[in-house]
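Architecture and fold: a report
Take a look at the letters that make up each chain.
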Amino acid sequence: MEPVSAKFTDREIAAVAGRIDRPIVLVGLMGVGKSTVGRKLAELLNFTFVDADAEIEAASQQTIPEIFDQFGEDYFRDGERRVIARLMEEGHGVIATGGGAFVNDETRDLVLERGIGVWIDCDVETLVERTARRSNRPLLQDGDPEEILRRLSDARAPSYAKAPIKVQSKPGPHVETALAILGAIERWL
């Protein structure tokens, strides 16, 4: 049997997948790779993947920047919480959340009660580079992205730290972060 990496064989991944009885919910700042890594993790585990932000946009028929502009952040966070609850109820295997989702007390409690919360962390310099690739980041529109990301990182870290699993995302193949999450979940189970 060929190993998927030096860390896991297909059989070992299947064994971990068989022990997971609730959704894996990825949390962390924008740009850490929740969606990209989440897709790879779901593929490895043979689970479904869903991006909460994409689901919010589909449900509202608006982009996230449009929702922020028209209704404000509080309105967005309430809708985000409801969408994440629905996704967890539907039994999706891996769910990528928006950067602020886990900061909301109700959303965080929901994830901690009914999911496996995984904080993907990343250094700010890498976040600046990654977030510059996309213009749909409402919180980065009014100022220096590096300063905003540092402030968000400092403010949100205490909330993210409540996730039972933390993995560091580094530049390089996303499969490495996905495998690090798999290993952390295996140890946590």
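A brief report on the enclosed structure follows. Nothing here was measured: the structure is a model prediction, and the numbers come from that model.

1. Observations regarding the overall build of the chain
Along its length, the chain carries 9 helices and 5 strands. Computed over C-alpha atoms, the radius of gyration of the chain comes to 16 Å, within 12% of the 16 Å expected from 2.2 N^0.38 for 189 residues, which places it in the range of a compact globule. In the chain, which comprises 189 residues, the share counted as buried stands at 48%. Counting every atom, the chain has about 9,400 Å² of accessible surface; 47% of that belongs to carbon and sulfur. In the chain, 24 positive and 32 negative side-chain charges are present, and the distance between their average locations comes to 4 Å.

2. Describing the nonpolar core
Side chains of a nonpolar character, in soluble globular proteins, are inclined to be buried together. Within the largest apolar cluster, 55 residues are counted, with the highest numbers of intra-cluster contacts made by Ile24, Leu41, Leu45, Val118, Ile181, Leu182 and Ile185. If sequence neighbours within four positions are ignored, Ile181 has contacts with Leu26, Val37, Leu41, Val118, Ile120 and Val167.

3. Some points on the environment of Ala96
Structurally, Ala96 is set in strand β3 (residues 94-96). Under the relative-accessibility criterion, Ala96 is labelled buried at 0%. The residues contacting Ala96, other than those within four sequence positions of it, are Leu26, Lys34, Ser35, Phe49, Val50, Asp51 and Ala52.

4. Considering unusual backbone geometry
The backbone of Asn46 sits at a positive phi, close to 60°, despite the residue not being glycine. Note on placement: Asn46 falls in the loop between α2 (34-45) and β2 (49-51). You will see that Gln61, though not glycine, has its phi angle at about 60°, which is positive. Along the chain, Gln61 falls in the loop between α3 (52-60) and α4 (64-71).

5. With respect to the layout of surface pockets
One number sums up the size of the second largest pocket: a volume of about 160 Å³. The wall of the second largest pocket is formed by Ile56, Ala59, Ser60, Gln62, Ile67, Phe71, Tyr75, Phe76, Gly79, Glu80, Arg82 and Val83. Contributing elements (two or more residues each) for the lining of the second largest pocket: α3, α4 and α5 (73-89). Element by element, the count of residues in the lining of the second largest pocket is highest for α5, at 6 residues. Taken together, the residues of the lining of the second largest pocket break down into 7 nonpolar, 3 polar and 2 charged.

6. Description of α2
When the terminal C-alpha atoms of α2 are compared, their 16 Å separation across 12 residues agrees well with the 16 Å that a helix rising 1.5 Å per residue should span. Residues of α2 that are buried include every one of Lys34, Val37, Gly38, Leu41, Ala42, Leu44 and Leu45, and no others. Projected onto a plane normal to the axis of α2, the buried residues spread over an arc of 160° and lie on a single side. Tucked inside the fold, the buried residues of α2 contact α1 (10-19), β1 (24-27), β2, β3, β4 (116-121) and α9 (174-188). Two residues or fewer after α2 comes Asn46, characterised by a positive phi angle close to 60°.

7. What about empty space enclosed by the protein?
What the rule picks out here adds up to 1 cavity of 30 Å³ or more. By volume, the largest cavity is sized at about 40 Å³. In terms of lining residues, the largest cavity is bounded by Leu29, Val32, Trp119, Ile120, Asp121, Cys122, Ser153, Ala157 and Tyr160. Contributions of two or more residues to the lining of the largest cavity are made by β4 and α8 (145-160). Within the lining of the largest cavity, the residues separate by chemical class into 7 nonpolar, 1 polar and 1 charged.

Calculation criteria
- Residues numbered from 1 in each chain as written.
- Predicted model: local features only at pLDDT ≥ 70, side-chain atom pairs only at ≥ 80, totals over all residues.
- Heavy atoms only, no water.
- Helix = DSSP H or I, 4+ residues; strand = E, 2+ residues; numbered from the N terminus.
- Rg over C-alpha atoms; globule rule 2.2 N^0.38 Å.
- Buried < 20%, exposed > 50% of the residue type's maximum accessible area, 1.4 Å probe, protein only.
- Areas by Shrake-Rupley, 256 points an atom, 1.4 Å probe, with all protein chains shown as cover.
- Lys, Arg positive; Asp, Glu negative; His and termini not counted.
- Charge placed at Lys NZ, Arg CZ, Asp CG, Glu CD.
- Core = buried A, V, L, I, M, F, W, Y, C linked by side-chain atoms within 4.5 Å.
- Contact = heavy atoms within 4.5 Å.
- 1 Å grid on protein atoms, 1.4 Å probe; cavity = no way out; pocket = protein on both sides within 12 Å on 5 of 7 lines; lining within 4 Å.
- Points joined across faces, edges and corners; volume = space filled by probe spheres on them.
- Nonpolar A, V, L, I, M, F, W, Y, C, P; charged D, E, K, R; others polar.
- Expected span 1.5 Å × (residues − 1).
- Arc of directions from axis to C-beta.

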